[in-house]
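Observations on the model geometry
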Amino acid sequence: MRINGEKIVKYSLMLVAFSALASLLLIAVFILKEGVPFMFKVGLRDFLLSSDWNPQAGKFGIYPMIVASLYVTFGAMLIGAPLGVAGAIFLTEFVPTPVMRVIKPTIELLAGIPSVVFGFLGVMVLAPMIRSTMGGPGLSVLAAAVILGIMVLPTVISISTDAIAAVPNSYREGALALGATRWQSVHMVIIKAARSGIIASIILAMGRALGETMAVIMVAGNTVKIPQALTDPVRTLTANIALEMANATGLAREALFATGVVLFVVIMILNAIALSAIKSRVRKK
Amino acid sequence: MRVPPKITQVIAVTILGTATLLTVVILVFIIGFVLSKGLPGVNAEFLLSAPKDMGRAGGIFTTLVGTVLLPLVAVIIALPLGVGTAVYLSEYTRETQLTRALRFGTDCLAGIPSIIFGLFGFIFFVVMLKMGWCLLSGGLTLAIMVLPTIIRTSEEAILAVPKSYREVSFSLGATRWETVLKVVLPNALPGIVTGVMLAIGRSIGETAAVIFTAGSSLRMPSSMFDSVRTMSVHFYILACEGISDEKAYATAAVLIISVLLVNLAAYGMMHRFISRRSK
């Protein structure tokens, strides 16, 4: 009898273990089911490459949103990646361990600041600053990129620090024994050894920036237009979904799911690249 | 002319140090700014009275209730699923194609942006299952969102329990399940609680996935099928619709403090767990 009980436990646990994968598939199926037929109804070209977004008139071109998402995400990376990686290198290589043990958790704690708070600060502090110094409405590509760049800092720092700290000490000692300065050992040996982890942190941060919604809605200005300047307002893919969700019905709602499909696919690809970069590092060791 | 390595080093370290300092200053500024603007508006009356006139006056009591209930529902749903998954992966199976697929699913789920969760929760729970905007729809959506966090931290905690504990239990004649229940899980508990705290922290701060699934009603919920508004959603609406900057700052201050306290508790828990392990 006892053996049977164990079997029941084993198989129920196995069933439970499918929950995450099943949820992922359920989400994928629903978003695709709602979005993909729409893409073919409107035509891929008119959906992805047209700049005409006017759901009331049956025009569903998301090209400006794609461009906006790319600009904002790359802008965020230009700010977040160098700052974050520099921070990670400094904290692991040039700061005594006890100090790092205080600063790293503090930075990770800040990953918990809700995105709406970042957005609000963008509106209250950053946007007026941009408006008065560079002109334009303030709510802009630049504002969104800066806020997202700050928001991804904890992700970049936390994962890069782990990657750099995982480089064996013998590498450092070897470089120093050959007469290299600390900085030479860092940029010639350690960064190379930790490269895949650092790249993974940047790609994961990119996925986060691309998928961020509330902060971007608040600071990007949300005008459907291909931006000509850093100070132009834009609407990203995520903002498009969130802004129109509340009152969209029928075809317009399908269009939002199709926007979701584009986002979903791009982020899945980014995550797959980041995950395989992390995995290959683990295998190399 | 070649710059001497010593000088390059000084330049490099200065740049790196400045970048790090900048990061810390920015993050501290954000918290400091919100707290200094918001805290003067926070008092017992603000916390304990219901919002009036769309939030222009009164306090945040009903949103505070929503902020407690919604993560609670999410965790109650996600905890058994997450811990069950972790137990299965670490105690009941070897590394196979199947476990690799299950881990891959978990990793991918962790990378999905919250707006996609919102979109899915809306079409699946709210529209298709006809549950409407309610506590349960929001809780289920958040449960899926925090599932990877709970699975990962639980698995790490379970793997950190020494093998000898299990061997002793088996040698005393306990079955695998008895061992899991009476030896492994009690020893992994602090780690699992850390995961739960992190999940609660993330749920409290979430807006995009909540606003489309739990709605934004300011009334006090009386059942799982009532719409609730969390503090993050309330703050978003106050800020975005320009209802009241003063109330928005005060709400943001309470929001940040809650999230930081929950995360701090999580880290404290983890620290205790690690130091006990290494004894």
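Residues numbered from 1 in each chain as written. Chains lettered and ligands numbered in written order. Predicted model: local features only at pLDDT ≥ 70, side-chain atom pairs only at ≥ 80, totals over all residues.

Attention now moves to the nonpolar core. In terms of nonpolar packing, the biggest core is built from 180 residues, with Val 72, Ile 147 and Val 219 of chain A touching the most fellow members. Each of two domains, domain 1 (5-41) and domain 2 (44-277) of chain B, supplies a minimum of three residues to this core. (Core = buried A, V, L, I, M, F, W, Y, C linked by C-beta atoms within 7 Å. Buried ≥ 20, exposed ≤ 12 C-beta atoms within 10 Å, placed from the backbone. Domains from an automatic or database assignment.)

The next subject is helix H4 (residues 97-111) of chain B. The periodicity of an α-helix, 3.6 residues per turn, causes residues three or four positions apart to be oriented the same way. Taking 1.5 Å per residue, 15 residues should reach 21 Å; H4 of chain B reaches 21 Å between its end C-alpha atoms and fits that length. Leu 102, Arg 103, Gly 105, Thr 106, Asp 107, Cys 108 and Leu 109 of chain B are the residues of H4 of chain B that are buried. (Helix = DSSP H or I, 4+ residues; strand = E, 2+ residues; numbered from the N terminus. Expected span 1.5 Å × (residues − 1).)

Below, the discussion takes up the domain arrangement of chain B. Residue and element names in this part refer to chain B. What the domain assignment reports for chain B is domain 1 (5-41) and domain 2 (44-277). A C-alpha centroid distance of 30 Å is found between domain 1 and domain 2. On the side of domain 2, 8 residues touch domain 1, which itself brings 7 residues to the contact. Here the residues of the side of domain 1 that touches domain 2 are counted per class, giving 4 nonpolar, 2 polar and 1 charged. (Contact = placed C-beta atoms within 7 Å. Nonpolar A, V, L, I, M, F, W, Y, C, P; charged D, E, K, R; others polar.)

Now for the interface of chain A and chain B. Across the boundary between the two partners, chain A contributes 63 residues, which contact 69 residues of chain B. With 9 residues, helix H2 (residues 19-42) of chain A is the single largest residue contributor to the side of chain A that touches chain B. Grouping the constituent residues of the side of chain A that touches chain B by class yields 44 nonpolar, 13 polar and 6 charged.

Our next topic: unusual backbone geometry. Residue and element names in this part refer to chain B. One non-glycine residue with positive phi stands out, namely Met 54, at about 65°. Owing to 14 C-beta atoms within 10 Å, Met 54 belongs among the partly exposed residues under this scheme. One non-glycine residue, Lys 130, lies in positive phi territory at about 55°. As for its placement among the helices and strands, Lys 130 is situated in the loop between helix H5 (114-128) and helix H6 (135-159).

Turning our eyes to something else, we now look at the packing of helix H3 (residues 61-92) of chain B against helix H8 (residues 176-205) of chain B. Residue and element names in this part refer to chain B. Remark: H3 packs on H8, axes separated minimally by 9 Å, with the N-to-C direction vectors making an angle of 140°. Regarding the angle of H3 to H8, the classification is oblique. Crossing angle aside, the handedness with which H3 passes H8 is right-handed. Of the residues in H8, those touching H3 at Thr 67, Leu 70, Pro 71, Ala 74, Val 75, Ala 78, Leu 79, Val 83, Val 87 and Glu 91 are Arg 176, Val 180, Val 184, Ile 192, Val 196, Ala 199, Ile 200, Ser 203 and Ile 204. (Axes fitted to C-alpha atoms, helices over the stretch in contact; angles between N-to-C directions. Parallel < 35°, antiparallel > 145°, perpendicular 65-115°, else oblique. Left-handed = near helix turned anticlockwise from the far one by under 90°.)

A few words on the confidence of the model for chain B. Put simply, chain B has an average pLDDT of 91, and 98% of its residues get 70 or more. Quick note on the complex model: pTM equals 0.91, ipTM equals 0.90. (pLDDT = per-residue confidence, 0-100.)

This part covers helix H10 (residues 231-240) of chain B. All names here are of chain B. In terms of burial, H10 is largely enclosed, as 9 of its 10 residues are buried. Within H10, burial applies to Met 231, Ser 232, Val 233, His 234, Phe 235, Tyr 236, Ile 237, Leu 238 and Ala 239. Positive backbone phi, at 55°, marks Gly 242, one or two positions downstream of H10.

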